[in-house]
Amino acid sequence: MIRIGPAGWDYEDWWGRVYPDPAPRGFDPLAWLARFYDLVEINSTHYRPMPAQVAKAWCARVRPFPDFRFTAKLWKRFTHERENALTGEEIGQVREAFEVLHGEGRLGAVLMQFPWSFKRDEAAEEWLWDVARALSGLPLVLEVRHASWNHPDVYLRLREQGIGFVNIDQPLFHRSIKPSAVATSAVGYIRIHGRNYSDWFRKGAGRDARYDYLYKEDELQPWVQRAQAIERDATAKEIYVVTNNHFRGQAAANATMLQSMVRGRRVAAPEPLVRSYREVLERHVEVGTEGEAAAPPP
């Protein structure tokens with residue numbers, strides 16, 4: 001099972017590009033995405049832990065779609081703010097929403113995403129494995145961006161602990177970890193960030209600028225092959241492919257392209273998305289489905 005979808009859904013610049021604008025009465029962006037993709041990666045959990053009732057509401061909004069899954073980014077306190085030891089209260093807070101999603105059968109993975117500055121040394125490894133222990137019982141995947149983590153001992157430890165490795169596409173600078181097709185647990189994971197070299201490390205570049213990139217088909221094809229290679233690996237039972245180049249709905253466009261390329265057929269897509277990215281999508285979307293896609297979700 002290869003699930004494909006975008007990272008996040010709450011973006012102002014998606015209206016008119018991914019979502020209809022004006023929106024029909026009662027329109028729900030999350031339920032809308034669940035019509036076309038079987039995965040969404042939750043971004044909001046990176047900025048703050050979410051209470052259980054929020055996670056329950058997310059599950060309710062996608063109830064008509066039984067094959068749909070969430071993955072969720074771990075709170076940045078665990079990955080980016082490492083000066084002080086984690087507290088039991090913080091661990092309890094961060095587990096709350098994840099355990100609801102897990103109990104509902106909707107949680108594909110918790111994404112431990114560390115920045116490029118997180119380089120492998122004794123202190124970094126100690127922090128990483130402490131975080132993993134704090135989240136034991138949840139399906140975990142690890143994203144690291146520095147090449148120092150590309151080591152057989154790291155992959156062995158991940159396999160021993162049942163933690164998945166995240167294979168990423170990112171602008172490649174000195175000591176950036178390179179594209180791969182590694183599976184270290186039952187969860188295979190790919191994240192595609194874009195290749196915006198000019199803004200990736202530019203001081204002052206905002207979130208939108210950093211992830212402003214639209215992949216062409218020939219740039220996605222190697223990732224289709226990597227996803228299929230992970231699928232053939234007996235280690236991974238489910239594979240999640242997430243497009244994180246969210247600016248102006250480009251993540252949704254590339255997720256649609258990947259769906260079509262992986263499945264070897266045209267797929268349904270939101271009508272606003274087809275209009276906005278017709279040049280790259282016309283070979284990948286079903287003919288005559290765009291008008292149907294413009295209706296509000298049930």
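Here, the structure is the one placed above.
Keep in mind that what you see is a predicted model, and the values were worked out from it rather than measured.

Caption draft 1: Summary view of the side chain of Arg-145. Assignment of secondary structure puts Arg-145 in the loop between strand E5 (140-143) and helix H6 (152-161). Reaching out from Arg-145, the side chain makes a polar contact with the side chain of Glu-143 at a distance of 2.9 Å. Here His-193 takes part through its side chain, which lies 3.5 Å from a polar atom of the side chain of Arg-145.

Caption draft 2: Geometry of the layout of surface pockets. The volume enclosed by the second largest pocket comes to roughly 230 Å³. Every residue lining the second largest pocket is counted, 12 residues in all, and those nearest its centre are Gly-8, Trp-9, Asp-10, Asn-43 and Ser-44. By residue class, the composition of the lining of the second largest pocket is 6 nonpolar, 3 polar and 3 charged.

Caption draft 3: How the structure looks around the pattern of salt bridges. Tallied over the full model, the rule gives 14 salt bridges. Ionic pairing is found between Asp-28 and Arg-61, a salt bridge with its closest N-O pair at 2.7 Å. Remark: Arg-61 occurs in helix H2 (residues 52-61) and Asp-28 occurs in the loop between strand E1 (2-6) and helix H1 (29-36); sequence separation between them is 33 residues. Put simply, Asp-130 and Arg-133 hold a salt bridge, and the shortest N to O gap is 2.1 Å. Taken together, the residues Asp-130 and Arg-133, both in helix H5 (residues 122-134) and 3 residues apart, mark about one turn of the helix. Taken together, the shared-partner salt bridges in this structure form one network comprising Glu-41, Glu-143, Arg-145 and Arg-191.

Caption draft 4: Structural context of the packing of aromatic side chains. This structure, assessed with the given rule, holds 16 aromatic pairs. Judged by centre distance (5.3 Å) and plane angle (70°), the rings of Trp-32 and Phe-36 are edge-to-face. Of the two residues, Trp-32 and Phe-36 are both situated in helix H1; the distance of 4 residues between them amounts to about one turn of the helix. Each member of the pair Trp-32 and Phe-36 is classed as buried. Their ring planes at 35° and their centres at 6.1 Å tell us that Tyr-189 and Tyr-240 sit as a pair that is tilted. Here Tyr-189, found in strand E7 (residues 187-192), pairs with Tyr-240, found in strand E8 (residues 238-243); they are 51 residues apart in sequence, far enough to count as distant. Judged by relative accessible area, Tyr-189 falls into the buried class, the value being 0%. Judged by relative accessible area, Tyr-240 falls into the buried class, the value being 2%. Taken together through their ring pairs, the aromatic side chains of Tyr-11, Trp-14, Trp-15, Tyr-19, Phe-27, Trp-32 and Phe-36 make up a single cluster. The cationic tip of Arg-226 hangs over the ring face of Trp-223; the distance from NZ or CZ to the ring centre is 4.4 Å.

The rules behind each value
Residues numbered from 1 in each chain as written. Predicted model: local features only at pLDDT ≥ 70, side-chain atom pairs only at ≥ 80, totals over all residues. Heavy atoms only, no water. Helix = DSSP H or I, 4+ residues; strand = E, 2+ residues; numbered from the N terminus. Polar contact = N/O pair within 3.5 Å; in protein donor to acceptor, adjacent residues only side chain to side chain. 1 Å grid on protein atoms, 1.4 Å probe; cavity = no way out; pocket = protein on both sides within 12 Å on 5 of 7 lines; lining within 4 Å. Points joined across faces, edges and corners; volume = space filled by probe spheres on them. Nonpolar A, V, L, I, M, F, W, Y, C, P; charged D, E, K, R; others polar. Salt bridge = Lys/Arg side-chain N within 4 Å of Asp/Glu carboxyl O. Phe/Tyr/Trp six-rings, centres within 6.5 Å; stacked < 30°, edge-to-face > 60°. Buried < 20%, exposed > 50% of the residue type's maximum accessible area, 1.4 Å probe, protein only. Lys NZ or Arg CZ within 6 Å of the ring centre and 35° of its normal.

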